[in-house]
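Listed below, chain by chain, are the residues.
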Amino acid sequence: MDLDFAQLRTFAAVLDEGTFDGAAAALRLTPSAVSQRIKALEQHVGRVLVRRTRPVSATAAGEAVMRLARQVARLEQDTAEALGLTAGRDEYVSVPLVVNADSMSTWMLRALARMPERHRALFELHREDEYHAPARLRDGTAMAAVTSVPEPVQGCVSEKLGAMRYHAMASIDFADRWFPGGPDAEALRHAPMLTFDRKDDLQDRFLRRRTRHRLDPPRHYVPGAAEFVEAARLGLGWGMLPEPMLTHTDGLVFLAADDPFDVPLHWQRWRLESPVLDALTDVVRRTAGEVLR
């Protein structure tokens, strides 16, 4: 396609900054120059790439070009590092990642802290449900993702990391009130349930497996991993709690200790020969092996 690298960099900046003026400031160009580069890129590929909204967004064709822009930038940075052409001690490399909340709270930060300093990596973490993370790879938002989807996104490779084990748990008082005879279908139909957000169907999947029914209990939405555990501890409702966060279970009881729920996790990353992505994959693989089933 013989695309112009400067145009690709400008296109990525427009989407990152959300406006043409913001991209101009980031690139030290005039807004007119930014607009001309985007128009030239669109004319070259014969597609509209940017929706002129506030903030701007990529069209379907734009998402494909955005992935290319990210990958070209990654290869440029790797090549510059290999040639010793980086700017020195103040030169850092941005690495956008998509991680689900429970992995972020239990092991991913530990993995990132193990990244060798020579790679000068700065991480931009996007929190996303493990089943919806591949969309961020497709649209070029991220270079890699922790996901429960094993099939690799086009242009990516996938490997299994292990499984995050969850247990249905509640406070002692909550369990005594709502489950005096145990967590049977009738009790689970009425007991308030904790849910991370409207994408989170982990509790619903546990209910279907355990009761063979599609139940719709009353639910609280608590979009924070530590806050989710605390909500269970305070008796707001029952929920599926990740095993690595259960080192202290004071005030909590297992509703079904013999019935854990395992969620497989996979690491998907761009299929690129990149020292930074290779090093990142290594620390993610090692750390996940210490925590996951």
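Here we summarise the structure given alongside this text.

Conventions used here
Residues numbered from 1 in each chain as written. Predicted model: local features only at pLDDT ≥ 70, side-chain atom pairs only at ≥ 80, totals over all residues. Heavy atoms only, no water. Helix = DSSP H or I, 4+ residues; strand = E, 2+ residues; numbered from the N terminus. Buried < 20%, exposed > 50% of the residue type's maximum accessible area, 1.4 Å probe, protein only. Polar contact = N/O pair within 3.5 Å; in protein donor to acceptor, adjacent residues only side chain to side chain. Axes fitted to C-alpha atoms, helices over the stretch in contact; angles between N-to-C directions. Parallel < 35°, antiparallel > 145°, perpendicular 65-115°, else oblique. Contact = heavy atoms within 4.5 Å. Nonpolar A, V, L, I, M, F, W, Y, C, P; charged D, E, K, R; others polar. Salt bridge = Lys/Arg side-chain N within 4 Å of Asp/Glu carboxyl O.

**Regarding the environment of Asp-184**
Then, in step 1: Structurally, the position occupied by Asp-184 is in the loop between helix 7 (172-178) and helix 8 (185-190).
Then, in step 2: A relative accessible area of 41% means that Asp-184 is categorised as partly exposed.
Then, in step 3: Here the alpha-carbon distance between Asp-184 and Leu-252, two residues 68 residues apart in the chain, equals 19 Å.
Then, in step 4: There is a polar contact of 2.8 Å between the side chain of Asp-184 and the backbone nitrogen of Ala-187.

**Here we look at the packing of helix 2 (residues 20-27) against helix 3 (residues 31-45)**
Then, in step 1: Look at helix 2 against helix 3: their axes get within 8 Å of each other, and the N-to-C directions meet at 105°. Comparing the axis directions of helix 2 and helix 3 gives the class roughly perpendicular. Judged by residue contacts, Phe-20, Asp-21, Ala-23 and Ala-24 of helix 2 engage Pro-31, Val-34, Ser-35 and Ile-38 from helix 3.
Then, in step 2: Tallied by class, the residues present in the contact of helix 2 with helix 3 amount to six nonpolar, one polar and one charged.

**Here we look at the pattern of salt bridges**
Then, in step 1: Summed over the entire model, instances satisfying the criterion amount to 19 salt bridges.
Then, in step 2: Salt-bridge contacts for Glu-230 lead to Arg-233; the nearest nitrogen and oxygen are separated by 3.6 Å. One end of the pair, Glu-230, and the other, Arg-233, are both in helix 10 (residues 225-233), three residues apart, so they sit about a helical turn from each other.
Then, in step 3: Each member of the salt-bridge network shares a partner with another, and the members are Arg-110, Arg-114 and Glu-290.

**A word on unusual backbone geometry**
Then, in step 1: Following Arg-54, the chain continues to Pro-55 via a peptide bond in cis, the omega torsion being 0°.
Then, in step 2: Within the element layout of this structure, Pro-55 appears in the loop between strand 1 (50-51) and strand 2 (57-58).
Then, in step 3: Notably, Arg-28 is not glycine yet its phi reads approximately 60°, a positive angle.
Then, in step 4: Along the chain, Arg-28 turns up in the loop between helix 2 and helix 3.
Then, in step 5: Even without being glycine, Arg-212 reaches a positive phi, approximately 65°.
Then, in step 6: Counting through the fold element by element, Arg-212 comes out in the loop between helix 9 (202-211) and strand 8 (219-221).
Then, in step 7: Residue Arg-212 is classed as exposed on the basis of its relative accessible area of 69%.

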